[in-house]
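Spelled out from the first residue to the last, the chains are:
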Amino acid sequence: MSIKRALISVSNKEGILPFAKQLEEEGVEIISTGGTSRILKEGGVNVTGVTEVTGFPEILDGRVKTLHPNIHSGLLAMRNKKEHAAELKEQGIAPIDLVVVNLYPFKQTIEKPDTDFEEAIENIDIGGPSMLRAAAKNHKYVTVVTDPEDYETVLQEWLTDGDVSTETKRRLAAKVFRHTASYDALIANYLTEQSGELYPETYTVTYEKKQDLRYGENPHQNAAFYREPIGPLSSIANAIQLHGKELSYNNINDAEAALSIVKEFGQPAAVAVKHMNPCGVGVGENIFDAYEKAFEADPVSIFGGIIALNREVDKETAQKMKEIFLEIIIAPTFTQEALDILTVKKNLRLLTVTLDEEPQERSKITSVHGGALIQEEDRKGFLDAGVRVVTEREPTEQEWQDLKLAWKVVKHVKSNAILLTKDDMTIGVGAGQMNRVGAAKIAIEQAGEKANGSAMGSDAFFPMKDTVEEAGKAGISAIIQPGGSIRDEESIEKANELGITMVFTGMRHFKH
């Protein structure tokens, strides 16, 4: 038999008893520890305790039990080396052919809000990773399992073919090293956060696979969707899909963009996104009012768009949204009446996302060929800016309202970005242009006659007065921008000349 001796020590007890019983029925000696040993014995499985193998008791509250030559020699011995066989015989050590181990629940421990530092430290597994790594290194001779999903495969191959295939052993070994690497990454990140280091000498991340995707940004690109093991609830990665076909790569990007914008608002708000840029944003007294404004902002571009709302979707709003083709609707909840209306469209994706979560400081990772850029997320808003009026005329109450809306949204528009707002809605978006005046012209053209009396938001300063001149021609009455150009005075003078009120924030919002 290729498997004569197995070591079983698991935190996740799912499926372990029937697996161990099958092994015992086939004559396999089972070694086990602690809680696993107790469960197996209670289930009628004969178990050899680790202390019987090592001849040494578990000590230090169980911190030391498997870290012993009688265990690790049995795992690491190469069966095709006579010298190894002779050394094992001389020391009275028997080989271990199967290792079934998963680790202390460190992730589950630090997820609990009341976990203290000492409890987290005690849930760092030492012996488990050591056994897994030893067995995985020697996988040519040792089968190693860390996931209950693999129990059946191992049993079937062994019982059918007399051994576990080389391919399966190698696959399971790779899985082990991914598992231990992810485990160590969580520990490293937790301790790094506890020590207050922002950018350590190495940056280790780990993600859990959520789903395979049909394809990536284009049909010829493969893709999958991963999420942080302990990530924010208010994320597309933790959304619950109620209806519709699977999300695509582009859907996920667009949905995250829509969600990031709608989270800027406390009052009822609706956001429409196309290709990661907002095409319509509206705020109102209720969610129906907000959605109507988002729709009116650009009734052409919203077609086939992604909608995010920060209030429950009711019957009236659902009926309005049903009138056009939409890819996705994201909201905290849907009434049953709203679901009855929207689920008639079989391809429309409906997602619920928690939005009442306290904001968390997080890093944003952008991959580059051969590396990564890491930065803080841009979570600064209007209240964080050093807002000051730089023109002779102060904004009116309505202009302040429009300026605040412009500043909240323009930071989510691809740079160079210009955004026009009026009466609690966006009316023009100039996104991703190579020069700022070009972005302004696009936004003004889209707004048309609505530009008159509107507010303009710019994600970065005006390098010259030409953007202010374009604003004046369109009848724009208020501008909000970071300021900081060596030619700021030219823009200020032009604004005064045109009767435009202008506000500097001292903070830019480039988005690439």
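Every value quoted in this text rests on a predicted model; they were computed, and no experiment measured them.

Participant: It is not clear to me how the nonpolar core should be interpreted in this structure. Could you clarify?
Facilitator: Side chains of a nonpolar character, in soluble globular proteins, are inclined to be buried together. In terms of nonpolar packing, the biggest core is built from 42 residues, with Ile236, Phe265 and Ile330 touching the most fellow members. For this core, the secondary-structure elements that each account for two or more residues are helix 11 (249-262), strand 9 (269-274), strand 10 (277-283), strand 11 (305-309), strand 12 (326-331), helix 15 (397-410) and strand 20 (478-481). A per-element tally of this core places helix 11 first, with seven residues. Other than its neighbours up to four places away in sequence, Ile330 contacts Ile236, Ala255, Leu259, Ile306, Ile307, Ala308, Leu309, Leu351 and Val353.

Participant: How do you make sense of the sheet that holds strand 20 when you look at a structure like this?
Facilitator: Paired through their backbone hydrogen bonds, the strands of a sheet run either parallel or antiparallel. With respect to topology, six strands assemble into an open sheet ordered 16-21-20-19-17-18, the strand pairing being mixed. A single partner strand is all that each edge strand has here, and the edge strands are strand 16 (388-389) and strand 18 (426-430). With two bridges connecting them, strand 16 and strand 21 (residues 501-504) associate as antiparallel partners. Counterpart to Arg388 in the pairing with strand 21 is Phe504.

Participant: Even after reading the chapter, I still don't get the pairing of strand 4 (residues 98-101), so can you show me in this structure?
Facilitator: Two faces belong to every sheet, and in a regular strand the side chains alternate between them. Here strand 4 shows two buried faces, one formed by Leu98 and Val100 and the other by Val99 and Val101. The sheet contact formed by strand 1 (residues 5-9) and strand 4 spans four bridges and is parallel. Within strand 4, the position partnered with Ile8 by the bridge is Val100. The pairing of strand 4 with strand 5 (residues 143-145) spans three bridges and is classified as parallel. Residue Val99 lies in a different strand from strand 5, and its bridge partner there is Val144.

Participant: Help me out: how do you make sense of the environment of Asn138 in this one?
Facilitator: One can find Asn138 in the loop between helix 8 (127-137) and strand 5. Asn138 sits in the buried class, given a relative accessible area of 7%. Along the sequence, Asn138 and Glu292 sit 154 residues apart, while their C-alpha atoms lie 64 Å from each other.

Participant: Got a minute to help me understand the pattern of salt bridges in this structure?
Facilitator: Where side chains of opposite charge bring their charged atoms close, a pairing between them can arise. Tallied over the entire structure, the rule returns 21 salt bridges. Two residues, Lys112 and Glu119, come together in a salt bridge whose shortest N-O distance is 3.0 Å. According to the relative accessible area criterion, Lys112 is partly exposed, its value standing at 39%. A residue is classified by how much of its surface remains accessible, and Glu119, at 28% relative accessible area, is partly exposed. Close ionic contact of Arg362 with Glu228 constitutes a salt bridge, the shortest N to O distance being 2.3 Å.

Participant: Is there a simple way to explain the packing of helix 4 (residues 69-76) against helix 8 in this structure?
Facilitator: Each pair of packed helices can be summarised by the angle the axes make with each other and by the distance between the axes. Orientation of helix 4 relative to helix 8, taken along the N-to-C sense of each, is 25°, at an axis distance of 8 Å. Comparing the axis directions of helix 4 and helix 8 gives the class roughly parallel. Here Ile71, His72, Leu75 and Leu76 of helix 4 lie close against helix 8, whose contacting residues are Ser130, Met131, Ala134, Ala135 and Lys137. Partitioned by chemical class, the residues of the contact of helix 4 with helix 8 number six nonpolar, two polar and one charged.

About the cut-offs
- Residues numbered from 1 in each chain as written.
- Predicted model: local features only at pLDDT ≥ 70, side-chain atom pairs only at ≥ 80, totals over all residues.
- Heavy atoms only, no water.
- Core = buried A, V, L, I, M, F, W, Y, C linked by side-chain atoms within 4.5 Å.
- Buried < 20%, exposed > 50% of the residue type's maximum accessible area, 1.4 Å probe, protein only.
- Helix = DSSP H or I, 4+ residues; strand = E, 2+ residues; numbered from the N terminus.
- Contact = heavy atoms within 4.5 Å.
- Pairing = 2+ DSSP bridges.
- Salt bridge = Lys/Arg side-chain N within 4 Å of Asp/Glu carboxyl O.
- Axes fitted to C-alpha atoms, helices over the stretch in contact; angles between N-to-C directions.
- Parallel < 35°, antiparallel > 145°, perpendicular 65-115°, else oblique.
- Nonpolar A, V, L, I, M, F, W, Y, C, P; charged D, E, K, R; others polar.

Functional significance is not addressed by these values, which are geometric in nature.
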